[in-house]
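For reference, the chains in residue letters:
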Amino acid sequence: MNSTTKDTCSPTETQVERPQVRTEVPTYRPNVDIVESAHDFTIIADVPGARPDAIDVTVEGKVLSLKAAIAARSRPNSRAHISEYGVGNYERTFRLGEGVDVDNLAATLKDGVLTLRIPKAEPERRKIAVKTN
Amino acid sequence: MLTRRMSRVFPETSLMPQMSELMDAVLGAAPGVQAVFPPLNVTEDEHAFHVEAELPGFAMQDIDISLLNGELTISGRKTEQEQKDVNYHRRERLSSTEFKRVLRLATPIDADRIEASLERGVLTVTLPKAEEAKPRRIQIKHG
């Protein structure tokens, strides 16, 4: 993707002072990639601004939920010129298919990207004893 | 002021694995893909302009920031290695991207004191105003 856009900031005339008061923190759905390989499923989620200790990944039954709390980045005594995105918490849930090993789920966070690797469960191998007479 | 809110507003749900490839093709144009990348937030206070951009997955060496003739240019390029022998069930993130955004600043900036940081996928550029652009209090003398 290649996009070039031009915006004008800093208006020439005086703007009304806009106090940035946040009454409640909004919740957004993070963009994800879900990748399946021979051995695992990987959920890659964009969670810019999230600290590792503010991320909460839980599995309940077959539902995996991902939450990340984001501290509001408000600037006192400032006015907004361009507001193209909101800052808020992230939340998204996924229904897991059969045959995943959630006990061995591994989570890593780097540059605002959360990666959840869920191994596929090894098919249960039952050894049949062959009796000899 | 321009206000836009994308994709992430929808709460909840979506399922995982075992989806058909047809769905993948449809999801290629998921609402999460923005026409303008990256979205910016720009604020101004008495001393400086603050430009913020969400750039998850980018490292500082992927990003180039320059100021020329009152125009701030933020550009970048990222290439994620395409994984082989995998099946994409969802593909909403930008895997490979090249972007460029230009902001025209009508206020003179102290170019030597521009600071930029990239933390947890959030880029912050602070553009201090030049001394002559800062508001000055005029003392009124009593006669």
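Refer to the structure printed above.
Bear in mind the structure is a predicted one, so any value in this text is a computation, not a measurement.

Reading the values: the criteria
Residues numbered from 1 in each chain as written. Chains lettered and ligands numbered in written order. Predicted model: local features only at pLDDT ≥ 70, side-chain atom pairs only at ≥ 80, totals over all residues. Heavy atoms only, no water. Helix = DSSP H or I, 4+ residues; strand = E, 2+ residues; numbered from the N terminus. Buried < 20%, exposed > 50% of the residue type's maximum accessible area, 1.4 Å probe, protein only. Contact = heavy atoms within 4.5 Å. Core = buried A, V, L, I, M, F, W, Y, C linked by side-chain atoms within 4.5 Å. Pairing = 2+ DSSP bridges. Axes fitted to C-alpha atoms, helices over the stretch in contact; angles between N-to-C directions.

Colleague: How should the overall build of chain A be read in this particular structure?
Modeller: When its secondary structure is counted, chain A shows zero helices and 10 strands. For chain A, the succession of helices and strands along the chain, N to C, is β-β-β-β-β-β-β-β-β-β. Within chain A, the fraction of its 133 residues that count as buried is 41%. Taking the contacts inside chain A whose residues are at least 6 apart along the sequence as the reference set, 61% of them involve residues at least 24 apart.

Colleague: Sorry if this is basic, but what is going on with the nonpolar core here?
Modeller: Note that soluble globular proteins tend to have their nonpolar side chains buried in a common cluster. Within the largest apolar cluster, 22 residues are counted, with the highest numbers of intra-cluster contacts made by Ile-43, Ile-55 and Phe-94 of chain A. The set of elements that each furnish at least two residues to this core consists of strand E3 (32–36), strand E4 (40–46), strand E6 (63–68), strand E8 (89–95) and strand E10 (113–119) of chain A. Ranked by size, the runner-up nonpolar core spans 20 residues in total, among them Leu-40, Leu-72, Phe-99 and Leu-103 of chain B.

Colleague: Honestly, the sheet that holds E8 of chain A in this entry has me stumped. Any pointers?
Modeller: Note: strands within a sheet are paired through backbone hydrogen bonds, in either parallel or antiparallel orientation. Residue and element names in this part refer to chain A. Reading across the sheet, the four strands line up as E2-E8-E6-E5 and stay open at both edges, with mixed pairing between neighbours. The two strands at the open ends of the sheet, each matched to only one other strand, are strand E2 (27–28) and strand E5 (55–60). Here six bridges tie E6 to E8, and the two strands are oriented antiparallel to one another. In the strand pairing of E8, Ser-65 is matched with Thr-93.

Colleague: Explain the sheet that holds strand E9 (residues 106–110) of chain A to me, please; I cannot follow it from the model alone.
Modeller: The antiparallel open sheet is built from five strands, whose spatial order is E9(A)-E10(A)-E4(A)-E3(A)-E6(B). The sheet terminates laterally at E9 of chain A together with strand E6 (87–91) of chain B, the two strands that pair on one side only. Averaged over neighbouring strand pairs, the angle between their axes works out to 15° when direction is ignored. Relative to E4 of chain A, E3 of chain A runs antiparallel, the two being bridged by five bridges.

Colleague: For this particular structure, what's the right way to read the pairing of strand E9 (residues 122–128) of chain B?
Modeller: Each regular strand carries side chains that alternate between the two faces of the sheet. All names here are of chain B. Within E9, six of the seven residues are buried, which leaves the element mostly enclosed by the surrounding structure. Relative to E9, strand E3 (residues 48–54) is paired through seven bridges, and the arrangement is antiparallel. Bridge pairing in E9 links Glu-54 to Val-122. Note that strand E8 (residues 115–119) and E9 share five bridges and pair antiparallel. Looking at the pairing, Ser-117 lines up with Thr-124 of E9.

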